[in-house]
Amino acid sequence: MLILGIETSCDETAASVVEDGRHIISNVVSTQIDIHKKFGGVVPELASRAHVELISYVIWEALEKADCKLFELNAVAVTNSPGLANALLVGTETAKALSFSLSIPLIAVNHIHAHLYANFMEHSIVCPVVGLVISGGHTAIFYVENCNNYVLLGQTYDDAAGEALDKVAKMLNLGYPGGPEISKRAEKGSSKAINFPRAFLGKDIYNFSFSGMKTAVARYLECNSYKNLADVNDMDVNDICAGFQQSVIDVLIKKIVNSAEQKHVETILIGGGVSANTEFRKQLSEICKEKGMNLFFPSLKLCTDNAAMIAGLAYHRYKKRKFEDLSLDIHPQLQV
Ligand code: KG4
Ligand code: ZN
């Protein structure tokens, strides 16, 4: 069964052909980083315009690389939620047009569920498990009953983990996206030099709040009378990055490990762009080893946004015949 996946929820235009939910035949991602980096973050209107310009080329390239003709596709799948409204619309309307013209089923996929599903494409996982999605727009914990069933346990009240990293990077003039830059600078600094606060939220174990943690960095910069960033030397920037990254890692690790214990499951899945962070992977792996828990991350190419995870998860929706008609709408918010 060959499914074409389409992903345009944020700043990556992506298309992929996947066979039987696991076998990635092609996986094309066109990133818009160069368009957005001068603004220090994604500009929604520019993102949707770029998707319009790129989508046909990206789809043709995915089909060409897969040596697959349009008439050989069994279905077309698309991210219709959550994400930037106009960006989601580009992918969704393109998928509808393909479904209609080729007379093949149209399948809607939730982007956040697909980030966790990426693990099922590469590993053998026995459910139930708990999953943590850490991306630029979302931070959420799910109880995963099977690879097709994701129950939301909690999410962030304000900023997502990736968003907080991106905003701190912006404060420090480190460019966009900030997560990889903070990670590089943190390697050269000490995570113990500055003790930034951690928002564990007491008994509220499934939810997050990163906004105050991010603001603590802004206050630190003010209180240390850095009037402009030229006053911050390289060593200080490295320590700020290491200290802030560690505060985010501590919260993520504590909450997902507590969630697994609370739900009496032995396996944790991680997904989303921030799961590419080396220090987070290392520290969580050590803790899971100590506790005898199984831990799975997707490979780096499936951590950040891609359409393979969309086509992959769509296969399971196909088997349950969860098809959409041409009235399919977008849902920018994460649906509970
Ligand atoms: O999942 P993703 O590609 O897009 C969204 O769905 O948002 O995640 C993008 C986020 C950005 O905030 C980016 O800074 C962060 O993932 N990110 C990282 C790393 N690579 C990407 N954060 C920390 N360390 C990294 N190595
Ligand atoms: Zn994502």
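Residues numbered from 1 in each chain as written. Chains lettered and ligands numbered in written order. Predicted model: local features only at pLDDT ≥ 70, side-chain atom pairs only at ≥ 80, totals over all residues. Heavy atoms only, no water.

*Asks:* Which residues make up the pattern of salt bridges, and what values go with them?
*Replies:* Any two side chains of opposite charge can pair, on the condition that their charged atoms come close. Taken as a whole, this structure holds twelve salt bridges when the rule is applied. The closest approach of N and O atoms between Lys-96 and Glu-93, which form a salt bridge, is 3.1 Å. Here Lys-96 pairs with Glu-93, and both are found in helix α3 (residues 85-102), just three residues apart, close to one helical turn. For Asp-250, the salt bridge identified is with Arg-198, shortest N-O distance 2.9 Å. On the criterion of sequence distance, the pair formed by Asp-250 in helix α8 (residues 234-262) and Arg-198 in the loop between α6 (178-188) and α7 (211-223) is long-range, its members being 52 residues apart. (Salt bridge = Lys/Arg side-chain N within 4 Å of Asp/Glu carboxyl O. Helix = DSSP H or I, 4+ residues; strand = E, 2+ residues; numbered from the N terminus.)

*Asks:* Can you break down the sheet that holds strand β2 (residues 12-19) residue by residue, with the values?
*Replies:* Taken in spatial order, the five strands line up as β3-β2-β1-β4-β5 in an open sheet, and their pairing is mixed. Edge positions in the sheet fall to β3 (23-31) and β5 (106-110), since each of these pairs with one other strand and no more. Going from strand to strand, the sheet's axes swing by 20° on average, the running direction of each strand aside. Along the sheet face, α3 touches β1 (2-7), β4 (75-81) and β5 and points at about 155° away from the line of β4. Strands β1, β2, β3, β4 and β5 of the sheet are contacted by helix α4 (residues 111-122), whose axis makes an angle of about 90° with β5. (Pairing = 2+ DSSP bridges. Axes fitted to C-alpha atoms, helices over the stretch in contact; angles between N-to-C directions. Contact = heavy atoms within 4.5 Å.)

*Asks:* Outline the site of ligand 1, listing residues and values.
*Replies:* Contacts to ligand 1 come from 19 residues, most closely from Gly-136, Asp-166, Gly-179, Gly-273 and Asp-305. The backbone of Gly-137 places a nitrogen or oxygen atom 3.3 Å from an oxygen atom of ligand 1. Asn-277 places a side-chain nitrogen or oxygen 3.1 Å from a nitrogen atom of ligand 1. The fraction of the free accessible surface of ligand 1 (560 Å²) that becomes covered by protein chains is 88%. When contributions to the shell around ligand 1 are tallied by element, the ones reaching two or more residues are α4, α5 (161-171) and α6. A per-class count over the shell around ligand 1 returns five nonpolar, twelve polar and two charged. (Near = heavy atom within 4 Å. Polar contact = N/O pair within 3.5 Å; in protein donor to acceptor, adjacent residues only side chain to side chain. Areas by Shrake-Rupley, 256 points an atom, 1.4 Å probe, with all protein chains shown as cover. Nonpolar A, V, L, I, M, F, W, Y, C, P; charged D, E, K, R; others polar.)

*Asks:* Before we move on, can you summarise the coordination of the zinc ion (ligand 2) with the specific residues and values?
*Replies:* Listed as protein donors to the zinc ion (ligand 2) are His-111 (NE2), His-115 (NE2) and Asp-305 (OD); their distances from the metal cover 2.0 to 2.1 Å. In primary sequence terms, the donor set of the zinc ion (ligand 2) follows H-x3-H-x189-D. With His-111 in helix α4 and Asp-305 in the loop between α10 (300-303) and α11 (308-319), this pair connects stretches of sequence that are 194 residues apart. In this structure, His-111 and Asp-305 share a single accessibility class: buried. (Donors = N, O, S within 2.8 Å, 3.2 Å for Na, K, Ca; no water. Buried < 20%, exposed > 50% of the residue type's maximum accessible area, 1.4 Å probe, protein only.)

*Asks:* Requested: an account of the domain arrangement of the protein, with residues and values cited.
*Replies:* Split into domains, the protein comes out as domain 1 (2-116 + 302-319) and domain 2 (125-297). Look at where the C-alpha atoms of domain 1 and domain 2 centre, and you get two points 27 Å apart. Each side of the interface is counted separately: domain 1 has 18 residues, and domain 2 has 21 residues. Surface buried jointly by domain 1 and domain 2 totals about 1600 Å² across both partners, of which 71% is contributed by carbon and sulfur atoms. Area buried by domain 1 at its contact with domain 2 is led by Ile-112, Leu-116 and Cys-303, which between them contribute 39% of it. Our count for the domain 1 to domain 2 interface comes out at zero salt bridges. Sorting the residues of the side of domain 1 that touches domain 2 by element identifies α1 (33-36), α4 and α11 as the ones contributing at least two each. Here the side of domain 1 that touches domain 2 takes four residues from α4, the largest share from any one element. Here the residues of the side of domain 1 that touches domain 2 sort into eight nonpolar, seven polar and three charged. (Domains from an automatic or database assignment. Buried area = accessible area lost by both parts, 1.4 Å probe.)

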